[in-house]
Amino acid sequence: MSHRYNRFAVLSGIVLAFCLAVTGAIVSTSVSASPQKKDKESKKDKKAKKATSAPTEAGTPKLWEDRGDIASLNLTYGIGSAEEMPKPPFQFDKEDITGTNPKIKILDANGIKWNIKFDEEVHAEVASSRIVWACGYMVEESYFIPSGKVNGVTGLGRAKKFVSSDGSFTNGMFEKRPESIARRAINWDWDSNPFKGTKELSGLAILNTLLNNWDAKTTNNNVLGMFAEDGKVIDWYLVADWGGSFGKMGGFTSHTKWDLDDYSRQAFLDGVSGGHVKLHYSGKMSSALKSVPVEHARWFAGILGQLTDAQIRDAFNAAGASPSETDGFSRRIRQKINELKSATGR
């Protein structure tokens, strides 16, 4: 009896010790794992926070906003500023093969992402963006950079013509790609959008004709999601590509870009009838917007009329225009503004 009891006691002790050891190991493992788990969660939180620096939820659609005292706006920088310009040195990321014009993606000294666009559209894009923004519409922040160098350039295709082997370039348009802006990948249609029938959409149609933007196709219309100052999300509807401006409007083989003679010769308005101002537009914008209500045109003439000659010249100087181009384009824009004011009785 005593022997069996002793064997039982020994066996019980072994089982108890084993259970305590296992329990200790579990507790130890749990305690030691918790900081790692917390660290992993922290990294995930940081990654999620970075990924959501741009709004993810849909916002309130917006096309236009009042700029206030238009005559006081700085059209050298437009929506940007001297402080926000791209800062060298520039580091190559990759070539952007979208669209029809050669582009590359780079990072500047502050780690900000930019697209550099080359070829014939760079001047028109920058000059247009200044005027369009001053009139109350959203544009992407852009700057004309006459020359520079991008480090680490390699494997270029169509951009090779504009960027040398050492990364040097001339006549580049830098367009900012902020992490805080959501690119919705929505190509809104001129005939179907939240602003159909509004004076603001009519104003944008007038701008397309004023600037001779024949390339106003749907795929050049985008939506950008941004946080407003009050934290609410705004979905800005905009024309994202003005590179086809300041030449001759027309069909597939007859249009031009950034051509002062062509721009100066082409008509702007085709008269007023039936309560509508008829626009002399020829291009890819909807035919439904080739005439706009007189009251809409009158409202927009009041906006355009606030631009000063100095501001218009600043827009072209910012785009790298020559002195003769600045003189000629600015003169023709003033003529068109006066024509719209006269047609609407302003």
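Refer to the preceding data block for the structure.
Since the structure is predicted, the reported quantities are computational estimates derived from the model, not experimental observations.

## Here we look at the overall build of the protein
For the protein, the count of helices and strands is seven helices and twelve strands. In the protein, which comprises 346 residues, the share counted as buried stands at 45%. In the protein, the share of contacts with a sequence separation of at least 24, taken over all contacts with a separation of at least 6, comes to 70%. Surface exposure of the protein reaches about 17500 Å², of which carbon and sulfur atoms provide 54%.

## Some thoughts on the sheet that holds strand β8 (residues 221–227)
Strand order in the open sheet formed by four strands is β1-β9-β8-β7, with mixed pairing between adjacent strands. A strand with exactly one partner marks an edge of an open sheet, and here the two such strands are β1 (60–62) and β7 (182–183). The pairing of β7 with β8 spans two bridges and is classified as antiparallel. Its bridge partner being in β8, R183 is matched across the sheet by L224.

## Digging into the sheet that holds strand β6 (residues 168–176)
Taken in spatial order, the five strands line up as β2-β3-β4-β6-β5 and close into a barrel, and their pairing is mixed. Ignoring strand direction, the axes of neighbouring strands in this sheet form an average angle of 50°. Bridge count for strand β4 (residues 113–117) against β6 is four bridges, and the pairing is antiparallel. Residue pairing in the sheet places N115 in a bridge with E175 of β6. The sheet contacts of helix α2 (residues 122–134) involve β4, β5 (142–151) and β6, and relative to β5 the element is tilted by about 135°.

## Looking at the pairing of strand β10 (residues 269–273)
Working note: regular strand, side chains alternate between the two faces of the sheet. Alignment of β10 against strand β11 (residues 276–279), held across three bridges, turns out to be antiparallel. By the bridge assignment, S273 is partnered in β11 with H276. Taking the residues between adjacent antiparallel strands as the criterion, β10 and β11 are bridged by two residues, where G274 takes a positive phi near 60°.

## What to know about the side chain of T326
For T326, the position within the fold is in helix α7 (residues 323–344). A relative accessible area of 1% places T326 in the buried class.

## Some points on unusual backbone geometry
Each neighbour pair has its own omega, and for P88 with P89 the value is 5°, a cis peptide bond. The residue P89 is located in the loop between β1 and β2 (90–96) in this model. Its identity is not glycine, yet D119 carries a phi of approximately 85°, on the positive side. The topology assignment puts D119 in the loop between β4 and α2.

## Here's the deal with the packing of aromatic side chains
A full pass over the atoms with the stated rule returns 20 aromatic pairs. Where W258 meets F316, the ring centres are 6.2 Å apart and the plane angle is 40°; that geometry is what we call tilted. Note that W258 is positioned in the loop between β9 (233–239) and α4 (260–265) and F316 in helix α6 (residues 309–318), a separation of 58 residues in sequence. This pair shows no difference in class: W258 is buried, exactly as F316 is.

## Points about the nonpolar core
In summary, soluble globular proteins display a tendency toward joint burial of nonpolar side chains. In terms of nonpolar packing, the biggest core is built from 62 residues, with L207 and F246 touching the most fellow members. When contributions to this core are tallied by element, the ones reaching two or more residues are α2, α3 (199–210), β9, β11, α5 (294–304), α6 and α7. In terms of residue count, α2 provides more of this core than any other element does, eight residues in total. Setting aside its immediate chain neighbours within four residues, L207 contacts I131, V132, C135, Y137, W242, F300 and L304. I106, W114, F118 and I145 belong to the second-largest nonpolar core, a separate cluster that totals 16 residues.

## Some thoughts on the pairing of β2
Pairing analysis gives two bridges linking β2 to β5, with the strands arranged parallel. Across the sheet, residue F90 finds its bridge partner in β5, namely V150. Hairpin remark: β2 followed by strand β3 (residues 103–107), antiparallel, with six residues in the connecting loop; positive phi at G99, about 70°.

## Things to note about the packing of α5 against α7
Two elements in contact, α5 and α7, have axes whose closest approach is 9 Å; the angle formed by their N-to-C orientations is 140°. Relative to α7, α5 is oriented oblique. The handedness of the crossing between α5 and α7 comes out as left-handed. Side by side, α5 and α7 meet where V294, A297, R298, A301 and L304 of the first sit next to I337, L340, K341 and T344 of the second. Its residues placed into classes, the contact of α5 with α7 shows six nonpolar, one polar and two charged.

## Details of the environment of L260
Structurally, L260 is set in helix α4. In this structure L260 comes out as partly exposed when scored by relative accessible area, which is 22%. Those residues in contact with L260 that sit more than four places away from it in its chain are S324, E325, G328 and F329.

Conventions we followed
Residues numbered from 1 in each chain as written. Predicted model: local features only at pLDDT ≥ 70, side-chain atom pairs only at ≥ 80, totals over all residues. Heavy atoms only, no water. Helix = DSSP H or I, 4+ residues; strand = E, 2+ residues; numbered from the N terminus. Buried < 20%, exposed > 50% of the residue type's maximum accessible area, 1.4 Å probe, protein only. Contact = heavy atoms within 4.5 Å. Areas by Shrake-Rupley, 256 points an atom, 1.4 Å probe, with all protein chains shown as cover. Pairing = 2+ DSSP bridges. Axes fitted to C-alpha atoms, helices over the stretch in contact; angles between N-to-C directions. Phe/Tyr/Trp six-rings, centres within 6.5 Å; stacked < 30°, edge-to-face > 60°. Core = buried A, V, L, I, M, F, W, Y, C linked by side-chain atoms within 4.5 Å. Parallel < 35°, antiparallel > 145°, perpendicular 65-115°, else oblique. Left-handed = near helix turned anticlockwise from the far one by under 90°. Nonpolar A, V, L, I, M, F, W, Y, C, P; charged D, E, K, R; others polar.

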